[in-house]
Amino acid sequence: MQLADYIGSIAATLTTISFIPQVRQVWRTRHTHDISLGMYIAFTSGVALWLLYGILLGSWPIIIANAITVCLAGAVLIMKIRFG
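Residues numbered from 1 in each chain as written. Predicted model: local features only at pLDDT ≥ 70, side-chain atom pairs only at ≥ 80, totals over all residues. Heavy atoms only, no water.

Further remarks concern the nonpolar core. In terms of nonpolar packing, the biggest core is built from 10 residues, these being Phe19, Val23, Val26, Ile35, Tyr40, Leu72, Ala73, Val76, Leu77 and Met79. Of all elements in the fold, only helix 2 (20-29) and helix 4 (60-83) reach the threshold of two or more residues within this core. Take this core: its biggest share by element is 5 residues, from helix 4. Leave out the neighbours within four places in its chain, and Val26 touches His31, Thr32, Ile35, Met79 and Phe83. (Core = buried A, V, L, I, M, F, W, Y, C linked by side-chain atoms within 4.5 Å. Buried < 20%, exposed > 50% of the residue type's maximum accessible area, 1.4 Å probe, protein only. Helix = DSSP H or I, 4+ residues; strand = E, 2+ residues; numbered from the N terminus. Contact = heavy atoms within 4.5 Å.)

Given below as structure tokens:
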């Protein structure tokens, strides 16, 4: 594995797991007032497109990182819509 692959893997891991505290917080409190619906719609859509891009390229690091991120961001988006 090359240095760029290590850096990319670390970056993907950090940006993906960064959503876990947000999901946990919203799930626990059911409070979404301070979360921007527009931002989460745009972000989740963008991550879904990155996932599609990874699929088209056949790039497993892009696919895995964005599949997990779209699930986590999508969970926050769904809770935002559901809990208001």
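Next comes the rest of the write-up.
At their nearest, the axes of helix 2 and helix 4 sit 9 Å apart, and the two run at 25° to each other. The orientation of helix 2 relative to helix 4 falls into the category roughly parallel. Like other packed secondary-structure pairs, helix 2 and helix 4 cross with a definite hand, here left-handed. Where helix 2 approaches helix 4, its residues Ile20, Gln22, Val23, Val26 and Trp27 are matched on the opposing element by Leu72, Val76, Met79 and Phe83. For the contact of helix 2 with helix 4, the class distribution of residues is 8 nonpolar, 1 polar and no charged. (Axes fitted to C-alpha atoms, helices over the stretch in contact; angles between N-to-C directions. Parallel < 35°, antiparallel > 145°, perpendicular 65-115°, else oblique. Left-handed = near helix turned anticlockwise from the far one by under 90°. Nonpolar A, V, L, I, M, F, W, Y, C, P; charged D, E, K, R; others polar.)

Scope: geometric values only; no functional claims are made or implied.
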